[in-house]
Amino acid sequence: MSEANSQRSTSIEVSSAAAISGDLATVIAVGILAATLAAVCHETLGHGLGCIVVGGRITLLTSIYFRCLGATALTDAAGPLGNFVGGIAAFALLSLRTSGQTTRLFLILFGAFNLLWLFAQMTYCALLDNDDWHFVALHLGWSWVWRPMVAALGIAGYVLVVRRSTAALAKPGAPAHKAIRLAYIAAVASAVIAGLMWHPERIRSAIEGFLAVGLAPLGLLIAATRAGRANAATAVHPPITRSWCWIAAGVMVFGIFLFTQGLGLGPLAKIGLPT
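Residues numbered from 1 in each chain as written. Predicted model: local features only at pLDDT ≥ 70, side-chain atom pairs only at ≥ 80, totals over all residues. Heavy atoms only, no water.

Undergrad: What am I meant to see in the overall build of the chain here?
TA: When you go through the chain residue by residue, the secondary structure sums to 10 helices and two strands. Within the chain, the proportion of its 275 residues that are buried is 48%. Relative to all contacts within the chain whose residues are 6 or more apart in sequence, the contacts with residues 24 or more apart total 77%. Entry remark: accessible area of the chain is about 13400 Å², with carbon and sulfur atoms responsible for 70%. (Helix = DSSP H or I, 4+ residues; strand = E, 2+ residues; numbered from the N terminus. Buried < 20%, exposed > 50% of the residue type's maximum accessible area, 1.4 Å probe, protein only. Contact = heavy atoms within 4.5 Å. Areas by Shrake-Rupley, 256 points an atom, 1.4 Å probe, with all protein chains shown as cover.)

Set out below in structure tokens:
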């Protein structure tokens, strides 16, 4: 191969890599925005509204923790319900053919983060008998049968979401799996950073953020890998182009989240979790 051909080949490879990953800042901003709004769906809109509706008092609201004085079964179930509503809405909007490339990336991430968090938490709660579903069972007086039933539902739901995500990523014009992975890494980093903002329980909060956004939605990476292998030879992935609107949205939403909910709200924000 001549030197000119070698340089041309290298240039093509660099251009192809850039096209696959898309604009770095935009992909990172979309990943952070999707993860942050998933946390808002669970903690703020879910548990928060669930507390207010039953006449309770919010005593703690952080990026990953919530406590309510006067909580009921609705308060505990409202967090997962918030994830369910957010995830279903995202995948419903994704079915519209009017979505742009960056919007499509956001909807896939937001939908998967919400629903995989929901179903992973269901399985986790049922197996270890703790967290949201444990308290729902206590409030409603469920017998031990709830645990295998909720675990089975969680596993089945998780598998369905992975399949739905795979189908969405396998469609022509879907975001490339490299863009999904980059956005995922940015999302996980943002959840850990948000956890570190809460002074009384920095490490514990960061770990919980990693579990919710880093570990629970791993099925999305599985879906991206499967879709990439299935369409390796024929898939066309338009690049994610620079979008200052998405970048600004990611910066503003995450910034507000960090310095309000991230620092902790409520009487217990300066104290920490009750023992």
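Having seen the structure, we can now continue with the description.
Undergrad: Can you help me understand helix α2 (residues 24-53) in this one?
TA: Side chains of residues three or four places apart in an α-helix project in the same direction, reflecting 3.6 residues per turn. Taking 1.5 Å of rise per residue, the 30 residues of α2 would be expected to cover 44 Å, and the 41 Å separating its terminal C-alpha atoms lies within 8% of that figure. Counting buried residues in α2 gives 21 out of 30 residues, a clear majority hidden from the surface. After α2 finishes, the residue glycine 55 shows a positive phi value of roughly 85°. (Expected span 1.5 Å × (residues − 1).)

Undergrad: So what exactly am I meant to see when it comes to the state of the cysteines here?
TA: Simply put, the disulfide is a covalent bond whose two ends are the sulfur atoms of two cysteines. All chains considered together, the criterion is met by one disulfide. Each disulfide pairs two cysteine sulfurs, and for cysteine 51 the partner residue is cysteine 68, the sulfurs being separated by 2.1 Å. Residues cysteine 51 and cysteine 68 are joined through a disulfide that is right-handed, its torsion about the S-S bond being 75°. Taken together, the positions of cysteine 51 in helix α2 and cysteine 68 in strand β2 (residues 66-69) put the pair 17 residues apart, joining distant regions of the chain. Of the two residues examined, cysteine 51 and cysteine 68, each falls in the buried class. (Disulfide = S-S within 2.5 Å.)

Undergrad: What exactly am I supposed to notice about a nonpolar patch on the surface here?
TA: Together, Leu196, Ile203, Ile207, Phe210, Leu211, Leu215 and Leu218 make up a nonpolar patch on the protein surface, roughly 590 Å² of accessible area in all. With respect to the helices, strands and loops of the structure, phenylalanine 210 is situated in helix α8 (residues 202-215). For phenylalanine 210, a relative accessible area of 39% corresponds to the partly exposed category. (Patch = residues over 30% accessible without salt bridge, like charges linked within 9 Å, V, L, I, M, F, W, Y side chains within 5 Å. Salt bridge = Lys/Arg side-chain N within 4 Å of Asp/Glu carboxyl O.)

Undergrad: For this particular structure, what's the right way to read unusual backbone geometry?
TA: Excluding glycine, a negative phi dihedral is what most residues carry, and trans is how most peptide bonds are arranged. Unlike most non-glycine residues, aspartate 129 shows phi in positive territory, near 55°. As for its placement among the helices and strands, aspartate 129 is situated in the loop between α4 (101-128) and α5 (131-140). Residue aspartate 131 is not a glycine yet carries a positive backbone phi of 65°. Residue placement: aspartate 131 occurs in helix α5. Residue aspartate 131 is classed as partly exposed on the basis of its relative accessible area of 33%.

Undergrad: I keep staring at the nonpolar core and nothing clicks. Help me out?
TA: Side chains of a nonpolar character, in soluble globular proteins, are inclined to be buried together. Core analysis: the largest hydrophobic core is formed by 67 residues, its most contacted members being Phe106, Leu109, Phe113, Leu169, Ile180 and Leu220. In this structure leucine 109 touches Val30, Gly31, Ala34, Ile180, Ala183 and Leu220, once residues within four positions along its chain are discounted. (Core = buried A, V, L, I, M, F, W, Y, C linked by side-chain atoms within 4.5 Å.)

Undergrad: What is the right way to read α5 from this model?
TA: Among the residues making up α5, those that are buried are Asp132, Trp133, His134, Val136 and Ala137. The inward-facing, buried residues of α5 abut α2, α3 (73-94), α4 and α6 (146-170). At the exit of α5 stands glycine 141, carrying a positive phi of roughly 70°.

Undergrad: Looking at this structure, I do not really get the pattern of salt bridges. What am I missing?
TA: Opposite charge on two side chains allows them to pair when their charged atoms are near. Tallying each qualifying case throughout the model produces one salt bridge. The salt bridge partner of arginine 242 is aspartate 23, with a shortest N-O separation of 2.7 Å. Highlighted residues: arginine 242 in the loop between α9 (218-230) and α10 (244-262) and aspartate 23 in the loop between α1 (3-21) and α2, separated in sequence by 219 residues. Relative accessible area serves as the criterion here: at 44%, arginine 242 is assigned to the partly exposed category. The exposure class assigned to aspartate 23 is buried, which follows from its relative accessible area of 15%.

Undergrad: Sorry if this is basic, but what is going on with the packing of aromatic side chains here?
TA: One pair of aromatic rings is described through two measures. These are the centre distance and the angle between the planes. With the rule as written, the count across this model stands at five aromatic pairs. Judged by centre distance (5.9 Å) and plane angle (50°), the rings of phenylalanine 113 and tyrosine 184 are tilted. Remark: tyrosine 184 occurs in helix α7 (residues 177-196) and phenylalanine 113 occurs in helix α4; sequence separation between them is 71 residues. As far as burial versus exposure is concerned, phenylalanine 113 and tyrosine 184 are alike and both buried. Each ring, one from tryptophan 142 and one from tryptophan 146, has its centre 6.3 Å from the other, and the planes form 45°; the classification is tilted. In this structure tryptophan 146 comes out as buried when scored by relative accessible area, which is 8%. Ring pairs connect the aromatic residues Phe106, Phe110 and Trp246, which therefore count as one cluster. (Phe/Tyr/Trp six-rings, centres within 6.5 Å; stacked < 30°, edge-to-face > 60°.)

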